[in-house]
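Coordinate analysis (summary)
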Amino acid sequence: MASEESAGRLNFIEQIIAEHEASGRFGGRVQTRFPPEPNGYLHIGHAKSICLNFGLAAKYGGKCNLRFDDTNPTKEEDEYVRAIEEDVRWLGFDWGEAALFASDYFGQLYEWALKLIQDGKAFVCDLSFDEMREHRGTLTEPGRESPYRDRSVEENLDLFARMKAGEFPDGSRTLRAKIDMAAANLNLRDPVMYRILHATHHRTGDAWCIYPMYDFTHGQSDSIEGITHSICTLEFENHRPLYDWYLDALEIYHPQQIEFARLNLTYTVMSKRRLLQLVAEGLVSGWDDPRMPTICGLRRRGYTPAAIRNFCDLIGVAKFNSTIDVVQLENSVREDLNRHAPRVMGVLRPLRVVIENYPEGESEELEAVNNPEDESAGTRPVPFSRVLYIEETDFMEDAPKKFFRLAPGREVRLRYAYFVTCTDVVKDADGRITEIRCTYDPATRGGNAPDGRKVKGTIHWVSAEHAVQAEVRLYDHLFAVPDPNEVAEGQDWTDHLNPQSIEVLSGAMVEPSLASAEPGARFQLERTGYFCVDSVDSRPDRLVLNRTVSLKDTWAKVQKQQLQKK
RNA sequence: UGGGGAAUAGUGUAACGGCAGCACGAGUGACUCUGGAUCACUUAGUCUAGGUUCAAAUCCUAGUUCCCCAGCCA
């Protein structure tokens, strides 16, 4: 399936698939699955796995199942199932008819447990939680066999049936595989197959009070579904021998488990536990807080599915435990939005400008390009009048030579409009600048001078009387340090939260075309960044914009360099 | 101190005994009605020490560092 030229670019999983194709192990078939546990929201790390699994299926002409690994009723909820489905779909993937659930296999799993008991490979153990831990041994010392290990098949069958019937309280007994208490791999020291849990399951309700463990479920689920390549993260590498053991003992179809390194991002925490804590403690506004690395957070932030897919593609797949620089993610949205987002003008921190020689009470419409990267996007009219707003940072009273924007006596271009020259600066009693006075050159209408003279700077603007006020939310990294997981003695990871991760600007002014923007609409505020209309808080009469990511800012870089020189 | 994994420019990722390449970053320049975008150039790497070989990132030996495992979580 892989083309000749990309043959050298295969990642290690594709290489394994190629070997299987050569050996004929799976008859040329490739089938994968994405197996989330419905106990939390999906995040960008899951996106890596989703893109990998669905991507492989698409590349090799196979299919990828969405299967919920719902074997623990105490943690799993329907809300998460719906959210996960929505997120996977939004990312652009399709799992066919319906999502699958490990809980659909509870009946079959029970039958298989019976078979292992009958084969003398499983037993009911009465050890308490603490006793079992004591028997397990340590990393360096072997464990001791359970005193219940040699029960007869009949007794095991009877006890297991009564466990299922609900005769015993939670934690009183388990069904365990009989493997090897001296195994160096702790997972092989007679692992628990079933535990007693009198809990209501989100799908099977109260039909069961015994639930299979992950290890006794996952491989068999893969087997039932005819999965060929069961791709999971590195921490399951130690579980592979057990995955294989169950499949072999059961003598059923045997998929190949392959482990890869999960995604880590700088300035981000990715563990479900920590993300849950951020939400539960109100450290963020919710799972979909635009600063969260969750799929719904990124969506609300303005990220596109294509940007996320492209990012996942770019970072590659390997077994090395790496941390990707978050700028890589940011770069992926910029790249996508640059090509597709319509341009619009808006000032975040308005500074009033009066064009002294422009007639009072008059206005006109200028033509602005919607997207210089896409001619088919066309143009739109933008109103111009005597009083405008420009960006506060686009004016400097005492400007260095490298500052190409407005300053007393300097001429700049107002984008798509006219050349203007600053003639005066108006200040209040405290010496704060309240207004800039300018003159404009009527001959430069549209932005070009007939005499051919050039200006170094072009700045954006909005007409004061036509402008729409908006609340703009500027986001920065949720954490102030590259690795929030690294905490010093006596510190907590939440101490690394970035107090400047959100800045709300309530008085932004944007061009009137934005008045009708739909929730979720994405666009570029020229020279500033990419923004989207907040899907939760924005109202027709109260526009709320989220900054997805800023534009690259060469001027900021120049300033930084000059600061460093000093 | 047992077992299982992993180490290639700043960050990621290729090269499968035969020219260490690519992306992002960083730097320089060109261009530009976004200090955006684009284009060109530059920078910078095989964990260490031995060995095998005409030839080693790749094979061998010894070491170093990092990650995972002692849930009736997944």
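Residues numbered from 1 in each chain as written. Chains lettered and ligands numbered in written order. Predicted model: local features only at pLDDT ≥ 70, side-chain atom pairs only at ≥ 80, totals over all residues. Heavy atoms only, no water.

1. A short note on the layout of surface pockets
Roughly 1500 Å³ of volume is contained in the second largest pocket. Mapped onto the lining of the second largest pocket, the elements with two or more residues apiece are helix 12 (326-340), strand 21 (468-475), strand 22 (502-510), strand 25 (543-550) and helix 13 (554-565). No other element matches helix 13, which puts 7 residues into the lining of the second largest pocket. Here the lining of the second largest pocket is composed, by residue class, of 14 nonpolar, 12 polar and 17 charged. (1 Å grid on protein atoms, 1.4 Å probe; cavity = no way out; pocket = protein on both sides within 12 Å on 5 of 7 lines; lining within 4 Å. Points joined across faces, edges and corners; volume = space filled by probe spheres on them. Helix = DSSP H or I, 4+ residues; strand = E, 2+ residues; numbered from the N terminus. Nonpolar A, V, L, I, M, F, W, Y, C, P; charged D, E, K, R; others polar.)

2. Some thoughts on the confidence of the model for chain A
When the pLDDT values of chain A are averaged, the result is 96; 98% of them are 70 or greater. Throughout residues 1-7 the model reports pLDDT below 50, and contacts reaching past four residues in sequence, or to other chains, amount to 4 contacts. The complex model carries a pTM of 0.96, and its ipTM stands at 0.96. (pLDDT = per-residue confidence, 0-100. Contact = heavy atoms within 4.5 Å.)

3. Some details on the sheet that holds strand 23 (residues 522-525)
Within a sheet, adjacent strands bond to each other through the backbone by hydrogen bonds, running parallel or antiparallel. The strand order across the open sheet formed by 7 strands is 10-23-24-25-21-22-11, and the pairing between neighbours is mixed. Sheet topology places strand 10 (343-344) and strand 11 (346-347) at the edges, where each strand pairs with a single neighbour. Lying over the sheet, helix 12 contacts strand 10, strand 23, strand 24 (529-533) and strand 25, oriented at roughly 115 degrees with respect to strand 25. (Pairing = 2+ DSSP bridges. Axes fitted to C-alpha atoms, helices over the stretch in contact; angles between N-to-C directions.)

4. Notes on the pairing of strand 1 (residues 31-34)
Along strand 1, one buried face is formed by Gln31 and Arg33 and the opposite face, lined by Thr32 and Phe34, is buried too. Two elements, strand 1 and strand 2 (residues 63-68), share 4 bridges in a ladder whose sense is parallel. Of the residues in strand 2, the one forming a bridge with Gln31 is Lys63. A crossover links strand 1 with its parallel partner strand 2, the connecting element being helix 2 (residues 44-59), and its sense is right-handed. (Buried < 20%, exposed > 50% of the residue type's maximum accessible area, 1.4 Å probe, protein only. Right-handed = clockwise from strand over helix to strand, strands pointing away.)

5. Some words on the nonpolar core
Counting residues in hydrophobic clusters, the biggest one holds 39 residues, and the most contacted among them are Ile44, Val88, Leu265 and Phe311. Elements supplying a minimum of two residues to this core: helix 2, strand 2, helix 3 (78-90), helix 10 (295-301), helix 11 (305-315) and helix 12. For Leu265, the residues in contact, after removing those within four places along its chain, are Ile44, Met270, Phe311, Thr323, Ile324, Asp325, Val326, Leu329 and Pro482. Core analysis: the second largest hydrophobic core is formed by 34 residues, Phe160, Met163, Ile210 and Phe216 among them. (Core = buried A, V, L, I, M, F, W, Y, C linked by side-chain atoms within 4.5 Å.)

6. Description of the domain arrangement of chain A
On domain assignment, one finds that chain A holds domain 1 (11-260) and domain 2 (341-467). One C-alpha centre belongs to domain 1, the other to domain 2; they are set 63 Å apart. (Domains from an automatic or database assignment.)

7. Section: the sheet that holds strand 15 (residues 387-391)
Strands sit in the order 19-16-17-18-12-15-20 across an open sheet of 7 strands; the sheet is mixed. This sheet does not close on itself; its edge strands, each paired only once, are strand 19 (458-459) and strand 20 (461-463).

8. Considering the pattern of salt bridges
Tallying each qualifying case throughout the model produces 45 salt bridges. Put simply, Arg437 and Glu356 hold a salt bridge, and the shortest N to O gap is 3.1 Å. Within this pair, whereas Arg437 is found in strand 18 (residues 433-440), its partner Glu356 is found in the loop between strand 12 (350-355) and strand 13 (363-369), the two being separated by 81 residues in sequence. Taking the relative accessible area as the measure of exposure, Glu356 reaches 36% and is therefore partly exposed. Linking Glu471 and Arg542 is a salt bridge whose minimum nitrogen-to-oxygen distance equals 2.8 Å. In this pair, Glu471 sits in strand 21 while Arg542 sits in the loop between strand 24 and strand 25, placing the two residues 71 residues apart along the sequence. The buried category is assigned to Glu471, whose relative accessible area is 12%. What makes Arg542 partly exposed here is its relative accessible area of 41%. (Salt bridge = Lys/Arg side-chain N within 4 Å of Asp/Glu carboxyl O.)

9. Section: the state of the cysteines
Linking two cysteines covalently via their sulfur atoms produces the bond known as a disulfide. In the structure shown here, the tally under the stated rule is 0 disulfides. Take Cys125: it sits in no disulfide, and the sulfur closest to it among the cysteines is that of Cys209, at 18 Å. With a relative accessible area of 9%, Cys209 lands in the buried category. (Disulfide = S-S within 2.5 Å.)

10. Regarding the packing of aromatic side chains
On inspection of all chains with the given rule, the structure shows 21 aromatic pairs. With a centroid separation of 5.3 Å and an interplanar angle of 70 degrees, the aromatic rings of Tyr358 and Phe384 are classed as edge-to-face. Here the residue Tyr358 occupies a position in the loop between strand 12 and strand 13, and Phe384 occupies one in strand 14 (residues 379-385), the gap between them amounting to 26 residues. The two residues Tyr358 and Phe384 agree in class, both being buried. Residues Phe479 and Trp493 carry aromatic rings whose centres are separated by 6.0 Å and whose planes lie at 40 degrees to one another, so their mutual orientation is tilted. Residue Phe479 is found in the loop between strand 21 and strand 22, and its partner Trp493 is found in the loop between strand 21 and strand 22; the two are separated by 14 residues along the sequence. For the pair Phe479 and Trp493, a shared accessibility class is recorded, and that class is buried. Within the aromatic cluster, the residues linked to one another by ring pairs are Phe106, Tyr110, Phe160, Tyr194, Trp208, Tyr211, Phe216, Trp245 and Tyr246. Above the ring of Phe101, the side-chain terminus of Arg203 is found at 3.6 Å from the ring centroid. We note Arg299 situated over the ring of Trp90; from NZ or CZ to the ring centre the distance is 5.1 Å. (Phe/Tyr/Trp six-rings, centres within 6.5 Å; stacked < 30°, edge-to-face > 60°. Lys NZ or Arg CZ within 6 Å of the ring centre and 35° of its normal.)

11. Describing the protein's contact with RNA strand B
Contacts to RNA strand B come from 67 residues, most closely from Leu186, Arg343, Arg413, Gly446 and Thr554. By atom count, sugar and phosphate contribute 64% of the portion of RNA strand B lying within 4 Å of the protein. With respect to RNA strand B, the side chain of Asn338 contributes an N or O atom lying 3.2 Å from a sugar or linking oxygen. Secondary-structure elements contributing two or more residues to the surface near RNA strand B are helix 5 (129-136), strand 6 (192-196), helix 12 and helix 13. Per-class residue counts for the surface near RNA strand B are 21 nonpolar, 25 polar and 21 charged. (Near = heavy atom within 4 Å. Polar contact = N/O pair within 3.5 Å; in protein donor to acceptor, adjacent residues only side chain to side chain.)

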